[in-house]
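Structure at a glance
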Amino acid sequence: MNGLTEIIIRFFDLLEAEGRLLQRNALSTVRMAVLLVLGLIFGAVAVFFLVAALYQALVTVLHPAWVFCILALACAGIAGGLLWLSIPRKKQVP
C-alpha cells in the first residue's frame, strides 16, 4: 500500500510542477504578445508622423496632388517590400 501512495504523491507533485511551468510559460507568452502589440502601435504612429512630416516638407515645393502621389508610391513600395520579406522561403537542402 505504501508503494501505491508514493506513486500517487509523486504523480501529483509532477502535476503541480507541470502546472507551475505552464503558468510561467503562459504569462511569458502574454507579456511578449503585449509588448509586440505596443511596439506595432508605436511603429505605426511613427510611420504616420514621418509621412505627415514628408508631406509638410514637400508641399512647400510641389503641388499637393504630386506630393500625395509621391508619398503613396513610397508607402506602396515599403509595403510591397515588407510583404515580400514575409513570404516563407523554401529551405536550402545541401
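About the thresholds
- Residues numbered from 1 in each chain as written.
- Predicted model: local features only at pLDDT ≥ 70, side-chain atom pairs only at ≥ 80, totals over all residues.
- Heavy atoms only, no water.
- Axes fitted to C-alpha atoms, helices over the stretch in contact; angles between N-to-C directions.
- Helix = DSSP H or I, 4+ residues; strand = E, 2+ residues; numbered from the N terminus.
- Left-handed = near helix turned anticlockwise from the far one by under 90°.
- Contact = heavy atoms within 4.5 Å.
- Nonpolar A, V, L, I, M, F, W, Y, C, P; charged D, E, K, R; others polar.
- Salt bridge = Lys/Arg side-chain N within 4 Å of Asp/Glu carboxyl O.

With that settled, the discussion passes to the packing of helix α1 (residues 2-59) against helix α2 (residues 64-86). Packed helices, taken two at a time, are described by the angle between their axes plus the distance between the axes. Contact geometry for α1 and α2: axes closest at 9 Å, N-to-C directions at 145°. Seen from above, α1 lies across α2 with right-handed handedness. Mapping the contact onto sequence places Val 51, Leu 54, Tyr 55, Leu 58 and Val 59 in α1 and Pro 64, Val 67, Phe 68, Ile 70, Leu 71 and Cys 75 in α2. Counted by class, the contact of α1 with α2 contains eleven nonpolar, no polar and no charged residues.

With that out of the way, let us pick up the pattern of salt bridges. Across all of its chains, the model carries one salt bridge by this definition. A salt bridge links Arg 20 to Glu 16, with the nearest nitrogen and oxygen atoms 2.8 Å apart. Here Arg 20 pairs with Glu 16, and both are found in helix α1, just four residues apart, close to one helical turn.

Further remarks concern the environment of Ile 78. Positionally, Ile 78 belongs in helix α2. In the structure, Ile 78 is positioned 68 residues away from Arg 10 in sequence and 57 Å away in space, judged by C-alpha atoms.

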